[in-house]
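Residue-level structural notes
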Amino acid sequence: MAFEPTGLASLSLVFPCYQEEGHLEACVVHVLQTLDLLKVNYEVIFVDDCSRDGTRVAIDRIIARHPDKPLYKVLHERNMGRGAAFMTGFGASTGEIVGFFDIDLEVSAVYLLEALRVLIADQADLVIGHRYYNINFKIFYRHLLSRCYRWLVASWLGVPLVHDTESGYKFFRRQALQRYSGGFHSPGWFWDTEVVTRFYRDGLRVRSFPCLFLRDGSKNSTVRPLRDSISYLRSLISFQRRLNREQ
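As a starting point, this report considers the structure included with it. (Residues numbered from 1 in each chain as written. Predicted model: local features only at pLDDT ≥ 70, side-chain atom pairs only at ≥ 80, totals over all residues. Heavy atoms only, no water.)

1. Concerning the overall build of the protein
Regarding its fold elements, the protein presents eight helices and seven strands. Among the 247 residues that make up the protein, the fraction classed as buried is 49%. A separation of at least 24 residues holds for 81% of the contacts in the protein among residues at least 6 apart in sequence. For the protein, the computed accessible surface area is about 12300 Å², with 54% contributed by carbon and sulfur atoms. (Helix = DSSP H or I, 4+ residues; strand = E, 2+ residues; numbered from the N terminus. Buried < 20%, exposed > 50% of the residue type's maximum accessible area, 1.4 Å probe, protein only. Contact = heavy atoms within 4.5 Å. Areas by Shrake-Rupley, 256 points an atom, 1.4 Å probe, with all protein chains shown as cover.)

2. Considerations on helix H4 (residues 111-121)
Within H4, burial applies to Leu112, Ala115, Leu116, Val118 and Leu119. The arc that holds every buried residue of H4, seen down its axis, measures 165°, which confines them to one face. Residues of H4 that are buried make contact with strand S1 (11-17), helix H1 (24-36), strand S4 (97-101), strand S5 (126-133), strand S6 (169-173) and strand S7 (206-213). Directly beyond the C-terminal end of H4, a positive phi value near 50° is found at Gln123. (Arc of directions from axis to C-beta.)

3. Focus: the packing of aromatic side chains
Following the criterion strictly, the structure yields 20 aromatic pairs and no others. Relative to Trp191, the ring of Phe100 has its centre 6.2 Å away and its plane inclined at 50°; by these criteria the two rings are tilted. Of the two residues, Phe100 is situated in strand S4 and Trp191 in helix H7 (residues 191-201); the sequence distance between them amounts to 91 residues. One exposure class covers both Phe100 and Trp191, and it is buried. Aromatic pair Tyr111 and Phe209: ring centres 6.3 Å apart, planes at 35°, arrangement tilted. (Phe/Tyr/Trp six-rings, centres within 6.5 Å; stacked < 30°, edge-to-face > 60°.)

4. Focus on the environment of Ala115
You can see Ala115 is positioned in helix H4. Overall, Ala115 belongs to the buried group, its relative accessible area being 0%. Considering only alpha carbons, one finds Ala115 and Phe209, 94 residues apart in sequence, at a separation of 7.3 Å. Excluding residues within four positions of it along the chain, Ala115 makes contact with Val127, Phe171 and Phe209.

5. Considerations on the packing of H1 against helix H2 (residues 55-65)
As a packed pair, H1 and H2 sit with axes 10 Å apart at the nearest point and diverge in direction by 35°. Considering how the two elements wind past one another, H1 and H2 form a crossing that is right-handed. Along its contact with H1, which presents Leu24, Glu25 and Val28, the element H2 presents Thr55, Ala58, Ile59, Arg61, Ile62 and Arg65. Split into classes, the residues belonging to the contact of H1 with H2 amount to five nonpolar, one polar and three charged. (Axes fitted to C-alpha atoms, helices over the stretch in contact; angles between N-to-C directions. Left-handed = near helix turned anticlockwise from the far one by under 90°. Nonpolar A, V, L, I, M, F, W, Y, C, P; charged D, E, K, R; others polar.)

6. Quick word on unusual backbone geometry
Phi at Cys50 takes a positive value of approximately 60°, unusual for a residue other than glycine. Examined against the element boundaries, Cys50 turns out to sit in the loop between strand S2 (42-48) and H2.

7. Comments concerning the pattern of salt bridges
According to the stated counting rule, one finds 16 salt bridges in the structure shown. One salt bridge connects Arg61 with Glu25, and the closest N-O pair in it is separated by 2.6 Å. One end of the pair, Arg61, is in helix H2; the other, Glu25, is in helix H1, with 36 residues separating them in the sequence. Using a relative accessible area of 31% as the deciding quantity, one classes Arg61 as partly exposed. For the salt bridge of Asp164 with Arg131, the shortest nitrogen-to-oxygen distance reads 2.7 Å. Linking Asp164 in the loop between helix H5 (140-157) and S6 with Arg131 in strand S5, this pair joins segments that are 33 residues apart in sequence. In this structure, Asp164 and Arg131 share a single accessibility class: buried. Here the residues in one salt-bridge network are Arg82, Asp102, Lys170 and Asp192, joined through shared partners. (Salt bridge = Lys/Arg side-chain N within 4 Å of Asp/Glu carboxyl O.)

The structure is reproduced here in C-alpha cells:
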C-alpha cells in the first residue's frame, strides 16, 4: 500500500454503533485481524449513537482487551443517526484515509483491502462497496428495494447506477471530505445518498467495487419496507428540491 508515514494514523476506521451488543465483540476481532495484515498505521474509533443496550459496555471491554491497539471511543448523549455518528468519528480521527463499514460484517472486512487498493490506484476521493446479493427469497424484498432506490437516485439525482449510494462500505480521502464538514443536512441514513451525490455532482473522483452482501440470519433486521420506502422517498424529493435551489 502506497501510504506515506506521517506519525499519525494513515487509515482511520470509524464504526458508528447503535444497538450492536450481540455481535460487536466477535466482529471486531475479525476486523482487527484484517487490519493487522495491512502494513499501515491505523486507528479504530467507535462512536456509540446513544444505544439502549449494552453496546457501550461492549466497547469498553473491547478496548480493555486490546490495550496494544489504537482503539478509541466517542459517545453521543442522544441518538443522531449514522451520518452524524460517522462525522463525529471523522472529526476525532487523524487518518489520511477515513472510512467505515457496517460492524455486523454482512459485507466482510476482507473487502477493506480492495477498497484501499481502488482508492489509491485510481486516486479516488471516495470509494464505495457496491453490494450484490446471492438469491435468497427471504430477503428478496431488500434486493428489490435496493434496486428501485438506485434507479430513483440515478433518475432524479443523476448519480450512476454503479454507485450504490446506501452501501455501508465507504472510504474517503480526508481532504475531500473535509470541505463538506458541517455542510450535510441529513444526519441519519439518507446522509449516505447526500454525500455520494454531492461528491459526484461536484466532480470529485468517485469509484465503486463489487462486494458480496451476506445476510446474518441471527440478527433482527431493522428494515421496515413500507415505512422506510416512504421515508426515503420523502427525503429524495426534499433533497432534489434543495439541489435545485442551490443551482
